[in-house]
Amino acid sequence: MLHGKRILLIIAGGIAAFKSLDLIRRLREQGAHVTPVLTKAAEEFVTPLSVSALAAEKVYRDLFDLTVEHEMGHIELSRAADLVVVAPATSDLLAKMAGGLANDLASTLLMATDKPVLCAPSMNVRMWLHPSNQRNVARLREDGIRFVGPGEGEMACGEYGPGRMAEVPEIIAAVSEVLADGPLKGKHVLVTSGPTHEPIDPVRYIANRSSGTQGTALARALMALGARVTFVTGPASVPPPEGAEVIAVETADQMRAAVLAALPSDAAVFAAAVADWRVVSASDSKIKKDGSGHIPALELAENPDILAEVSKLTENRPGLVVGFAAETNDVTAHATAKRARKGCDWIVANDVSPETGIMGGRENAVTVITGEGAETLPRMSKTEVAEKLATRIAEALS
Ligand code: C5P
């Protein structure tokens, strides 16, 4: 996703600096090149050696390091990157940035850069909420500085509230969004994926064989074309895509709430295999086999049809709504009827008969049904199916 991108990572002195070590590792896993800069205070939290080892790069620490000036001046350093990330961004550094101070290497680089700057603030809740900090953040936003987080939660100091540095996957998602390039740049796409689990009791549930492979591949393909992806996933067996905003849910009801909360979006792709039914009153305690031979009967109720509901929204309906139809016979006919019934724009139909090995497998064979007719693609990997669909979505949104 971030292949060949150059990131100047400024680590300021906050307790969250330890998360920046993981951030370096994950950015490099995505193919980015990370040049780290440490403030004096940051060195109290992480060592230059560990930062340098993880980045496989020299750590820049001092404005008046003549050797560095000789190798690469601070002006050049501030501009060689595609993006400057400040994580953690402390209230002190934000204040310097808002005031235009340049009295150490980090603040000088931030003054001298002509590249986008993304800050991940981290500080005590009172400091975050302090009027002067809020003023600085508002000023910086006006100046075009981007922010990710802070999150709300338990803080290292024992207090609770906003001020916690965004988690690494969130920062990666924000970085990907800033650096996104491609026909879907600036577009927001919602993807649902995986199965849902409908509880019977605290230890048992109703589920299906969906692995989340196709939905994950779709999210990746959409992001590769520059989209910002919100990925609402049930308990899948493959890891969620890096770079997406991932919202993990269990039940259809939770998936519905997460989908509605994630709107508006330019397009929505419903690749999840949502359970059609849920148990009306799931037991709070484990249902016991009492030895009497009594077999419990499960009363089921229909789950909300999220695809149909979103397709029929009058406000906030995504410009393009794509559903999937897993069928075992008369695939095109059933899927065409489903498209009309649900009110979505496209239906991607696939044959999930057991002999196809498609459900939970690596390959897929799909027919794309739009208002213009049906097109059957040859059997190919789910990654290739995802790339073809993402390209079509990009064309439709252009
Ligand atoms: O009705 P059926 O389950 O075959 O419809 C499949 C399509 O509808 C998929 O796109 C699936 O993600 C979506 N769906 C949904 N909510 C449901 C059931 C299905 O969004 N409750």
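Residues numbered from 1 in each chain as written. Predicted model: local features only at pLDDT ≥ 70, side-chain atom pairs only at ≥ 80, totals over all residues. Heavy atoms only, no water.

Trainee: Explain the pattern of salt bridges to me, please; I cannot follow it from the model alone.
Mentor: Charged atoms that come close allow side chains of opposite charge to pair. Applying the stated rule across the entire model yields 17 salt bridges. Arg 204 is paired through a salt bridge with Asp 201; the nearest N and O atoms lie 2.4 Å apart. Classification of Asp 201 by relative accessible area gives buried; the value is 3%. A network of salt bridges, in which partner residues are shared, links Asp 22, Arg 25, Arg 26 and Glu 29. (Salt bridge = Lys/Arg side-chain N within 4 Å of Asp/Glu carboxyl O. Buried < 20%, exposed > 50% of the residue type's maximum accessible area, 1.4 Å probe, protein only.)

Trainee: Is there a simple way to explain helix α1 (residues 17-29) in this structure?
Mentor: Owing to its 3.6 residues per turn, the α-helix aligns residues three or four sequence positions apart on the same side. Taking 1.5 Å per residue as the helical rise, α1 with its 13 residues ought to reach 18 Å, and the 19 Å between its terminal C-alpha atoms agrees with that figure. Among all positions in α1, only Ala 17, Lys 19, Ser 20, Leu 23, Ile 24, Arg 26 and Leu 27 are buried. Buried residues along α1 sit against β1 (6-11), β2 (33-38), α2 (48-55), β3 (83-89) and α9 (168-179). At the exit of α1 stands Gly 31, carrying a positive phi of roughly 100°. (Helix = DSSP H or I, 4+ residues; strand = E, 2+ residues; numbered from the N terminus. Expected span 1.5 Å × (residues − 1). Contact = heavy atoms within 4.5 Å.)

Trainee: What exactly am I supposed to notice about the packing of aromatic side chains here?
Mentor: Each aromatic ring pair is characterised by the separation of its centres together with the angle its planes make. Evaluated as defined, the whole model comprises zero aromatic pairs. For the cation-ring pair, Lys 58 lies above Tyr 60, with the distance from its terminal atom to the ring centre recorded as 5.9 Å. (Phe/Tyr/Trp six-rings, centres within 6.5 Å; stacked < 30°, edge-to-face > 60°. Lys NZ or Arg CZ within 6 Å of the ring centre and 35° of its normal.)

Trainee: Looking at this structure, how should I read the site of the ligand?
Mentor: If you check the shell around the ligand, you find Phe 270, Ala 272, Val 274, Asp 276, Pro 304, Asp 305, Ile 306, Leu 307, Gly 323, Phe 324, Lys 338 and Lys 342 and nothing else. Within the contact set of the ligand, an oxygen atom lies 2.6 Å away from a backbone nitrogen or oxygen of Phe 270. Here an oxygen atom of the ligand sits 2.9 Å away from a polar atom, N or O, in the main chain of Leu 307. Relative to its unbound accessible surface of 450 Å², the ligand loses 87% to contact with the protein. Contributing elements (two or more residues each) for the shell around the ligand: α12 (306-311), β16 (320-327) and α13 (331-342). Partitioned by chemical class, the residues of the shell around the ligand number seven nonpolar, one polar and four charged. (Near = heavy atom within 4 Å. Polar contact = N/O pair within 3.5 Å; in protein donor to acceptor, adjacent residues only side chain to side chain. Areas by Shrake-Rupley, 256 points an atom, 1.4 Å probe, with all protein chains shown as cover. Nonpolar A, V, L, I, M, F, W, Y, C, P; charged D, E, K, R; others polar.)

On their own, these measurements won't tell you what the molecule is for.
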